[in-house]
Amino acid sequence: MVKAADPRRVARSVALQSLFASDVCGRPWGDDQARRPSPDYDWLDEDIDRTAMEFADRLHRGVSVHRQRLDGLIGQFAPAWPVTQLPIVDRNILRIAIFELLHNPATPPKAAIDEAVELAKVFGSDSSARFVNGVLGSVMTSLESGELVAAGPAPDGNKLGADEADVEEGSSFIEDLNADSLDLVELIMAFEEEFSTEESPLEIPDEDAGSIATVSDAVAYLKGRGIDDD
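All figures in this text were calculated on a predicted structure; none of them were measured in a lab.

Participant: I'd like a description of the overall build of the protein chain, backed by residues and values.
Facilitator: What the protein chain contains, in helices and strands, is 10 helices and 0 strands. Beginning at the N terminus, the succession of helices and strands in the protein chain can be written as α-α-α-α-α-α-α-α-α-α. Residues classed as buried in the protein chain amount to 46% of the 230 residues present. Sequence separation of at least 24 residues holds for 70% of the intrachain contacts in the protein chain that already meet a minimum separation of 6. Element-wise, carbon and sulfur atoms account for 49% of the exposed surface of the protein chain, whose accessible area totals about 12,300 Å².

Structure (structure tokens):
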């Protein structure tokens, strides 16, 4: 059961439990799972605020997409413990917190670390909170020194990272954004967030997301859904 008043704290708790379930059930972390993971929240035994659920889903997807790099960083900053041998709770708390530190500038770094420590106190063992705090402290030191650089947020759905005059017809997002394939996932998520309204949320199905490979594709898709991208 999730018990917390702050929607973002609730979201982190939900995301942690869904990621824990993915690990326990041995669900694959392959490209398809990372591209459009669809966590099952049927286990929730209470109603969760929509804002919290959206943030929980974003955390789950973000960790899924960036899991390989996140695990690499965990291994770098906790070298005494192979990631696969860490308690499942601990490694997923670290995945969420490091994802927030690198990809969610809306969350102050201290808040991301404090929230991770609180999760460790609730869901982890007696030593989890100290361990999580130590690893994230090292990550934060590396960020402050410039050794580790935050990747920044997902691109805004209306600001694709390139001036319209610089975008060639049929060019790919990777060329336009100087991005990698993982950024395409976040771009799809950004479209959903940017063009959703309370009355009409935008959900891009897997089969549609797979067809969006160029700027022209995205514009045509939005217009086909009756969405004004101006």
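Right, picking up where we left off after that structure.
Participant: I'd like to hear about the packing of helix 3 (residues 50–77) against helix 4 (residues 88–103), residue by residue, with values.
Facilitator: At a minimum axis separation of 8 Å, helix 3 and helix 4 run at an interaxial angle of 100°. As judged from the angle between their axes, helix 3 and helix 4 are roughly perpendicular. Residues Phe55, Arg58, Leu59, Gly62, Val63, His66, Arg67, Arg69, Leu70, Asp71, Leu73 and Ile74 of helix 3 form the contact with helix 4, whose own contacting residues are Arg91, Leu94, Arg95, Ile96, Ile98, Phe99, Glu100, Leu102 and His103. Classifying every residue of the contact of helix 3 with helix 4 by side-chain character gives 11 nonpolar, 3 polar and 7 charged.

Participant: Describe the packing of aromatic side chains, naming the residues involved and giving the relevant values.
Facilitator: The full count for this structure, using the stated rule, is 0 aromatic pairs. Taking the ring centre of Phe55 as reference, the NZ or CZ of Arg8 above it sits at 4.0 Å.

Participant: How would you sum up the pattern of salt bridges? Please name residues and give values.
Facilitator: Applying the stated criterion across every chain, the model contains 10 salt bridges. As a salt-bridge pair, Arg91 and Asp23 come within 3.0 Å of each other at their nearest N and O atoms. Residue Arg91 is located in helix 4, and its partner Asp23 is located in helix 1 (residues 7–24); the two are separated by 68 residues in the primary sequence. By the burial criterion, Arg91 is buried, and Asp23 matches it. Residue Asp57 pairs with Arg61 through a salt bridge whose shortest N-O separation is 2.9 Å. Of this pair, Asp57 and Arg61 both sit in helix 3, separated by 4 residues, roughly a single helical turn. The same class applies to Asp57 and to Arg61, which are both buried. A cluster of three or more residues bridged by salt bridges with shared partners is formed by Asp23, Arg67, Asp71, Arg91 and Arg95.

Participant: Describe the nonpolar core, listing the residues and the values that go with them.
Facilitator: Ile93, Ile98, Val132 and Leu136 are the most contacted members of the largest nonpolar core, which totals 44 residues. Among the elements of the structure, helix 1, helix 3, helix 4, helix 5 (109–123) and helix 6 (128–145) are those that each provide at least two residues to this core. Setting aside chain neighbours within four positions, we find Leu136 in contact with Leu94, Ala97, Ile98, Leu101, Ile113 and Ala116. In this structure, Ile212, Ala218, Tyr221 and Leu222 belong to the second largest nonpolar core, which totals 8 residues.

Participant: Residue-level account of the confidence of the model for the protein chain, with values.
Facilitator: When pLDDT is averaged across the protein chain, the result is 75; 65% of the residues are at 70 or more. The low-confidence segment residues 30–37, where pLDDT is below 50, has 20 contacts with residues more than four positions distant or belonging to other chains. Low pLDDT (under 50) marks residues 154–183, which in the prediction has 51 contacts with non-local residues, meaning those over four places away or in another chain.

Participant: Explain the environment of Arg12 residue by residue, including any values.
Facilitator: Structurally, the position occupied by Arg12 is in helix 1. A residue is classified by how much of its surface remains accessible, and Arg12, at 5% relative accessible area, is buried. Along the backbone, Arg12 and Ala116 are 104 residues apart, and their C-alpha atoms lie at a distance of 8.5 Å. If near-sequence neighbours (up to four positions away) are discounted, Arg12 is found in contact with Phe55, Leu59, Ile96, Glu100, Thr107, Glu115 and Leu119.

Participant: Give a description of the side chain of Glu100 that names residues and reports values.
Facilitator: On the secondary structure map, Glu100 appears in helix 4. Not counting residues up to four positions away in its chain, the partners in contact with Glu100 are Arg12, Phe55, Leu59, Pro105, Thr107 and Ala112.

Participant: So what's going on with the environment of Arg58? Residues and values would help.
Facilitator: Structurally, Arg58 can be placed in helix 3. Residues Arg58 and Ala15 lie 43 residues apart in sequence; the distance between their C-alpha atoms is 8.6 Å.

Participant: Summarise the packing of helix 5 against helix 6; cite the residues concerned and give the values.
Facilitator: Here helix 5 crosses helix 6 at 160°, and the two axes come no closer than 8 Å. Comparing the axis directions of helix 5 and helix 6 gives the class roughly antiparallel. The two elements helix 5 and helix 6 cross, and the hand of that crossing is right-handed. The segment helix 5 lies against helix 6, with Pro109, Ile113, Ala116, Val117, Ala120 and Lys121 engaging Ser128, Ala129, Val132, Asn133, Leu136 and Met140. Across the contact of helix 5 with helix 6, the residue classes tally to 9 nonpolar, 2 polar and 1 charged.

Calculation rules
- Every chain is numbered on its own, with residues counted from 1 as its sequence reads.
- In keeping with the predicted nature of the model, local features appear solely for residues at pLDDT of at least 70, side-chain atom pairs appear and are counted solely at 80 or more, and the whole-chain, interface and lining totals rest on all residues.
- Note: side-chain values were computed over all heavy atoms of the structure, leaving out hydrogens and water.
- Each helix corresponds to a stretch of at least 4 residues labelled H or I by DSSP, and each strand to a stretch of at least 2 residues labelled E; elements are numbered beginning at the N terminus.
- Only protein chains enter the accessibility calculation, which uses a 1.4 Å probe; a residue whose area is less than 20% of its type maximum is buried, one above 50% is exposed, and one in between is partly exposed.
- Contact criterion: two residues are considered in contact whenever any of their non-hydrogen atoms come within 4.5 Å of each other.
- Every accessible area reported is derived by Shrake-Rupley at a probe size of 1.4 Å, with residue values counting cover from the shown protein chains alone.
- Fitted lines through C-alpha atoms give the axes, limited to the stretch in contact for helices. The angle between two N-to-C directions lies from 0 to 180 degrees.
- What sets the label is the angle itself: under 35 degrees gives roughly parallel, over 145 gives roughly antiparallel, 65 to 115 gives roughly perpendicular, and the rest give oblique.
- Only Asp, Glu, Lys and Arg are considered charged, only Ala, Val, Leu, Ile, Met, Phe, Trp, Tyr, Cys and Pro nonpolar, and every remaining residue, Gly among them, polar.
- Between 30 and 60 degrees the pair is tilted, below 30 it is stacked and above 60 it is edge-to-face, where a pair is any two Phe, Tyr or Trp rings, Trp via its six-membered ring, whose centres lie within 6.5 Å.
- Counting as a charge over the ring demands two things of the Lys NZ or Arg CZ atom: a distance within 6 Å of the ring centre and an angle within 35 degrees of the ring normal.
- Each reported salt bridge corresponds to a side-chain nitrogen of Lys or Arg within 4 Å of a carboxyl oxygen of Asp or Glu.
- We call a set of buried residues a nonpolar core when its members are Ala, Val, Leu, Ile, Met, Phe, Trp, Tyr or Cys and they connect through side-chain atoms within 4.5 Å of each other.
- pLDDT expresses, on a scale from 0 to 100, how confident the predictor is about each individual residue.
- We call a crossing left-handed when the near helix sits turned anticlockwise from the far one by less than a right angle, and right-handed when that turn is clockwise.

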